Amino acid sequence: MPAENLLTNTLLYSIIYMKREKKGIEKMAKEIWFDMDGTIANLYVGNWLEMIIAENPHPYKVATPLVNMQVLARTLNKLQKNGYKIGIISWTARNGSLAYNNAVKKAKMNWLKTHMNSVHFDNIDIVEYGTPKEIGRNGILFDDEKVNRDNWNGIAYDVHDIIGVLKNLA
Ligand SMILES: [Mg+2]
């Protein structure tokens, strides 16, 4: 095949693929879900692991935002006006006791209040570590863990360009 034909075909295929992907997005549930740790909250600061093993909720309290929260909030509010439901699907700590899971839940709720106060979430699901995120949820997921993205039913994104992906939807 001549080189220019190959190039044309490659181009055509990418256009078809992009159109299909867009159609897929349009057919999907209008839901946007966010993981917290490693996605919007940087939990992994200082001796976070020792503290979590010792069931200290401190790392969850002092986690720093990984995204420009003002831009994120503004974009999410716009998407919500356009019919998207916005949710959090986040886990408690691995092997956490019931008391620690509750402390982590509280810390995460406070974190959202502190850093995303202007976002009116439709759902905030902070569930036990390892709970499948895809059950009862659809649409778009942002999650730093590959296994969660692989199991997701809609379209799952890694965390490298959260604002960019959202702005394309708005
Ligand atoms: Mg995570």
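Here, every reference points to the structure presented above.
Residues numbered from 1 in each chain as written. Predicted model: local features only at pLDDT ≥ 70, side-chain atom pairs only at ≥ 80, totals over all residues.

**Points about the packing of helix α4 (residues 69-81) against helix α7 (residues 162-169)**
A pair of packed helices is characterised by two quantities: the angle between their axes and the separation of those axes.
Consideration 1: Contact geometry of α4 with α7 gives a least axis separation of 10 Å together with a crossing angle of 25 degrees. Put simply, α4 runs roughly parallel to α7. The handedness of the crossing between α4 and α7 is left-handed. Facing Val-71, Leu-72, Thr-75 and Leu-79 of α4, the residues of α7 in contact are Ile-163, Leu-166, Lys-167 and Leu-169.
Consideration 2: Of the residues belonging to the contact of α4 with α7, the class tally is 6 nonpolar, 1 polar and 1 charged. (Axes fitted to C-alpha atoms, helices over the stretch in contact; angles between N-to-C directions. Helix = DSSP H or I, 4+ residues; strand = E, 2+ residues; numbered from the N terminus. Parallel < 35°, antiparallel > 145°, perpendicular 65-115°, else oblique. Left-handed = near helix turned anticlockwise from the far one by under 90°. Contact = placed C-beta atoms within 7 Å. Nonpolar A, V, L, I, M, F, W, Y, C, P; charged D, E, K, R; others polar.)

**Focus: helix α5 (residues 98-115)**
Consideration 1: Over its 18 residues, α5 extends 26 Å from the first C-alpha to the last, a length consistent with the 26 Å expected when each residue adds 1.5 Å.
Consideration 2: Of all the positions in α5, only Ala-103, Val-104, Lys-108, Trp-111 and Leu-112 are classed as buried.
Consideration 3: Where α5 is buried, its residues contact β2 (41-42), α3 (58-62), β4 (85-91) and β5 (123-127). (Expected span 1.5 Å × (residues − 1). Buried ≥ 20, exposed ≤ 12 C-beta atoms within 10 Å, placed from the backbone.)

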